[in-house]
Each structure stands twice: as structure tokens, then as C-alpha cells.
Amino acid sequence: MVTMQKDSTREKIKDLLSRWLPVILWCLVIYTFSESSWFTGANTAQVLQVILSYLPFGGGEEEGPSFLNFLIRKAAHLTEFGILAVLVWRALFPRRASYIGAWLFATAYAATDEWHQSFEPGRTATPKDVVIDSCGALIALVIVFVCRRWLKARHRSLHRGI
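Residues numbered from 1 in each chain as written. Predicted model: local features only at pLDDT ≥ 70, side-chain atom pairs only at ≥ 80, totals over all residues. Heavy atoms only, no water.

Peer 1: Account for helix α4 (residues 98-117), naming residues and giving values.
Peer 2: When the terminal C-alpha atoms of α4 are compared, their 28 Å separation across 20 residues agrees well with the 28 Å that a helix rising 1.5 Å per residue should span. Every buried residue of α4 is listed here: S98, A102, A106, T107, Y109, A110, D113, E114, H116 and Q117. (Helix = DSSP H or I, 4+ residues; strand = E, 2+ residues; numbered from the N terminus. Expected span 1.5 Å × (residues − 1). Buried < 20%, exposed > 50% of the residue type's maximum accessible area, 1.4 Å probe, protein only.)

Pasting the structure below:
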């Protein structure tokens, strides 16, 4: 009886870790991005300028590189918090509120991330970035939802022989 309880407890701990450890690790990655001066707008602009200088159409001081830097940085916000939301959804699934819980978690973490950035030299904290992060989380969760619905419908049609 005691051995069965230990095995059950061990399995629950393994399940908990397999679900939440990726979330914790990804939160640490986001924290590291916020902490590091390597990811300031000025630094990413310099890196982009070097990359563009090797391309036949890039390298000038015109508005293009700064706009491209803006797009890349905002796409990074969308992506990093989209990944976070999917990882949290995976940790919460199959609970009923897994989608909303994942979105709320990612949005709250985005707000605390921006607050953290307000203390970092060379970094700026803006509410717009929280909105972008939250939208990234929402977009990723909508993609998960649509894919799951499509896969369920496909699975049903295959089993019916359609």
C-alpha cells in the first residue's frame, strides 16, 4: 500500500514538473532578455545595420532599417509571449479554463516584465508592449484552438470513413 502511494506521488510530481518546468524555464528566458543590455533597441538596430550592410539593398541610414528594427522587435514580443501562453496552456490543459488562464498568465507576466524593464539601464517600459505581448499570447492561443478543432474534425471524419 505504501509503495503504491509513493509511486502515485512520484508520478504526480513527474507530471507536474513535465507540465510546469518548461513554463518556468521560458519565464527565465524572458527575464534574461529583459535583464540584458544586448536586447535594447539601440543594440538590435546596430546588429540589423551590420546584417543589412551585407545585403545588396541594405545598409543605408534611411528610414527602412529603423522601421525594420521596430518590426523585428515587436514580432519578438509577439513570439516570446505567444510561446509562453502555449506553454502555460499545455500546463493547464485539459482544465476548462486553460485558454483564459494561459492568456491571463502571459498578460500578467508581460506587465511584470515591463515593470522589471523600467529598472534596467537602457531599457524602456511601455504599456504598448504589454498590449503587444498580450496580443501575441492571444494569437498563439487562437492558433492552438483552431488547430485542435481542425484535428478533432479530421480525426472524426477519418473514423467515419469520409
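Peer 1: Quick rundown of unusual backbone geometry? Include the residues and the values.
Peer 2: Glycine aside, residues mostly have negative phi angles, and peptide bonds mostly take the trans form. The omega torsion of the bond from F93 to P94 falls at 15 degrees, within 30 degrees of zero and hence cis. For P94, the position within the fold is in the loop between α3 (63-92) and α4.

Peer 1: Tell me about a positive patch on the surface, residues and numbers included.
Peer 2: On the surface, R149, K152, R156 and R160 cluster together into a positively charged patch. Tracing the backbone through its elements, the reader meets K152 in helix α5 (residues 127-160). (Patch = residues over 30% accessible without salt bridge, like charges linked within 9 Å, V, L, I, M, F, W, Y side chains within 5 Å. Areas by Shrake-Rupley, 256 points an atom, 1.4 Å probe, with all protein chains shown as cover. Salt bridge = Lys/Arg side-chain N within 4 Å of Asp/Glu carboxyl O. Lys, Arg positive; Asp, Glu negative; His and termini not counted. Charge placed at Lys NZ, Arg CZ, Asp CG, Glu CD.)

Peer 1: Would you mind going over the pattern of salt bridges in detail, with residue names and values included?
Peer 2: By the definition in use, this model includes 2 salt bridges. Put simply, R19 and D15 hold a salt bridge, and the shortest N to O gap is 3.3 Å. In this pair, R19 and D15 both sit in helix α1 (residues 2-35), 4 residues apart, roughly one turn of the helix. Looking at D15, the relative accessible area reads 39%, which means it is partly exposed. A salt bridge links K74 to D129; its shortest N-O distance comes to 2.7 Å.

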